[in-house]
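Chain residues, written in single-letter form:
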Amino acid sequence: MSLDLRTHGDALKKAYDEVCNPEGTNNWVIFGYEGKTNALKVAEQGEDGLEEMLGEFNEGAVQYAFCRVTDPNTNGNKFVLINWQGEGAPTTRKGQCAQHTRDVAKTFHGAHVTINARTEVDLDAAAILKQVEKSSGANYSVHKEKARPEFAADPQGAVGTTYKNEFKSRGTASADARSQFWDQQKSGPVGTTYKNEFQQKATEVKSERSQFWQENQAKEEVGTTYKNDFQANKDKIDPSTRSEFWQKQEEEERERQAALEAQQAEEQQQVEEARRAAEAESQQRLAEMERQRAEEIAAAQPEEKEEEAAPEPEPEPEAEPEAEPEYQQQQQQE
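Residues numbered from 1 in each chain as written. Predicted model: local features only at pLDDT ≥ 70, side-chain atom pairs only at ≥ 80, totals over all residues. Heavy atoms only, no water.

Caption draft 1: Main features of the packing of aromatic side chains. Applying the stated criterion to the full structure yields six aromatic pairs. Both rings, one in Phe66 and one in Phe79, keep their centres 5.5 Å apart while their planes meet at 15°; by these two values the pair is stacked. Of this pair, Phe66 sits in strand β3 (residues 62-70) while Phe79 is found in strand β4 (residues 77-85), placing the two residues 13 residues apart along the sequence. We classify Phe79 as buried; its relative accessible area is 12%. Every member of this aromatic cluster is reached through a ring pair, and the members are Tyr16, Phe31, Phe66, Phe79 and Phe108. Positioned above the aromatic ring of Tyr33 is the side chain of Arg93, whose terminal nitrogen or guanidinium carbon lies 3.9 Å from the ring centre. (Phe/Tyr/Trp six-rings, centres within 6.5 Å; stacked < 30°, edge-to-face > 60°. Helix = DSSP H or I, 4+ residues; strand = E, 2+ residues; numbered from the N terminus. Buried < 20%, exposed > 50% of the residue type's maximum accessible area, 1.4 Å probe, protein only. Lys NZ or Arg CZ within 6 Å of the ring centre and 35° of its normal.)

Caption draft 2: The arrangement of the environment of Glu56 in detail. By the element assignment, Glu56 lies in the loop between α2 (50-54) and β3. Here the alpha-carbon distance between Glu56 and Ile30, two residues 26 residues apart in the chain, equals 8.3 Å.

Caption draft 3: Highlighting the environment of Arg209. When you line up the elements, Arg209 lands in helix α8 (residues 197-215). When the C-alpha atoms of Arg209 and Gly88 are compared, they prove to be 9.2 Å apart, with 121 residues separating the residues in sequence.

Caption draft 4: Looking closely at the side chain of Gln85. With respect to the secondary-structure elements, Gln85 resides in strand β4. Note on Gln85: relative accessible area 15%, which makes it buried. At a separation of 3.4 Å, a polar atom in the side chain of Gln85 contacts the side chain of Arg118. (Polar contact = N/O pair within 3.5 Å; in protein donor to acceptor, adjacent residues only side chain to side chain.)

Caption draft 5: Here's a closer look at unusual backbone geometry. Positioned with a positive phi, Asn75 is a non-glycine residue whose angle comes to about 60°. By the element assignment, Asn75 lies in the loop between β3 and β4.

Spelled out as structure tokens, the structure:
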């Protein structure tokens, strides 16, 4: 499903514009999903910069962050976009992230550096600022460049055929020295015996986390209350009690979801009852109108019947001529 940027569109635009504004109070914002929906909302905001923002990510969710930083080269404002996929985020949500990151990049545009992070090891402020420095396109400044100490005190002479490399004259770059160095490294391939102490610890932590998430992979999405509770007490929580912690979070999420579904069902029932009441009232008004119409028709019918029942006056018959007396007939005959 596509990313929903309309439900909380005004709040998203306001938070983004404030970060882009050089005079804005907040210089970073983290966006997250609203429950199990695809509606993006403002999850966290702050004004203390990149270091503060990196500590606010939720390891059980997929989030997006937009931050304003200062370029070490130009002292100007640069913007960083971070796509965060916590190790505890549901697999279905991670699958949608590939499509949603493109929509996020188009909506919150203007980022000079984009970081895709999965663990705390990827959230290194110094490394991020180093990428910002490289993104400026110019790492050289005449105001910051310092004179090289090996040539600062020596007068500059004419370069000719008698020129001799200073380092070679000291023997630090001689062939014998290089051969001796490589002979000492023949005990094993270069780089295989060296391991950064921080990376070693991070690898161990990552292995423990991978094992933990594999055991809890079948669990449902963790609610937004996970971040504050776990991050605030993660140093005090015994690894053996983490399963109880996740079970508690799942129960709270199920209760919250059940309450939300019950509220939606109640609202739907109220809407349905209101619709039925409106239909009943409409039918009642229609029946009343039909009754009144029938009464009017019934009242008008008797008058028409009386008019039809009144007989028309019959025409009077014509008078027959009176018979003449017999003596008059005899006289006429005579």
